[in-house]
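Structural description and commentary
Here is what each chain is made of, one letter per residue.
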Amino acid sequence: QVQLVDSGGGLVQPGGSLRLSCKSTVSLFRFRIMAWYRQAPGKQRELVASITADGATNYTESVKGRFTISRDKSEATMDLQMDNLKPDDTAVYFCNGEERPIWDSKIYWGQGTQVTVSS
């Protein structure tokens, strides 16, 4: 059974750092693309960063130069290193994975982890 479990959120002061981690119960090879989304109170869920099976990355403009997405195939984890955090980064962060077409391109979500940036 495919599950994504995300963790690593918390309370941090502006300018601080956090590292989110998404653990998959299956090999990352199954995923065509993986991503981090976030949802702030009263706002729609938005894409933060993504990484393809080939390692190509993409970031939303507001986090470029501050966030770094990565994968560790041996550990079946996908991480999001977040530096120079700002209050506007406060949200629940969700990891996401879309399987390759051979597995019907099914989409999976983590349960979410809260990130709060406040002094």
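To be clear, the structure that these remarks concern was listed above.
A few points on the structure. (Residues numbered from 1 in each chain as written. Predicted model: local features only at pLDDT ≥ 70, side-chain atom pairs only at ≥ 80, totals over all residues. Heavy atoms only, no water.)

1. Here we look at the packing of aromatic side chains
Centre distance and the angle of the planes are the two values used to describe a pair of aromatic rings. Put simply, the test is: Centres within 6.5 Å are what make two rings of Phe, Tyr or Trp a pair, Trp counting through its six-membered ring; a difference in plane orientation under 30 degrees is then read as stacked, over 60 as edge-to-face, and the rest as tilted. Helix numbering and strand numbering both begin at the N terminus, where a helix is a DSSP run of H or I of at least 4 residues and a strand a DSSP run of E of at least 2. For a lysine, the NZ atom is tested; for an arginine, the CZ atom; a charge sits over a ring if that atom is within 6 Å of the ring centre and within 35 degrees of the ring normal.
This model, assessed by the stated rule, comprises three aromatic pairs. Between Phe 29 and Trp 103, the ring centres sit 6.3 Å apart and the planes meet at 90 degrees, which makes this aromatic pair edge-to-face. Here Phe 29 is found in the loop between strand 3 (18–24) and strand 4 (31–39), whereas its partner Trp 103 is found in the loop between strand 9 (91–99) and strand 10 (107–109), with 74 residues between them in sequence. Aromatic pair Phe 94 and Trp 109: ring centres 6.4 Å apart, planes at 85 degrees, arrangement edge-to-face. Here Phe 94 is found in strand 9, whereas its partner Trp 109 is found in strand 10, with 15 residues between them in sequence. Counting every residue linked through ring pairs, the aromatic cluster contains Tyr 37, Phe 94 and Trp 109. Here Arg 45 stacks its cationic end above the ring of Trp 109, 4.6 Å away from the centre of that ring. The ring of Phe 29 is capped by Arg 100, whose NZ or CZ atom sits 4.3 Å from the centre of that ring.

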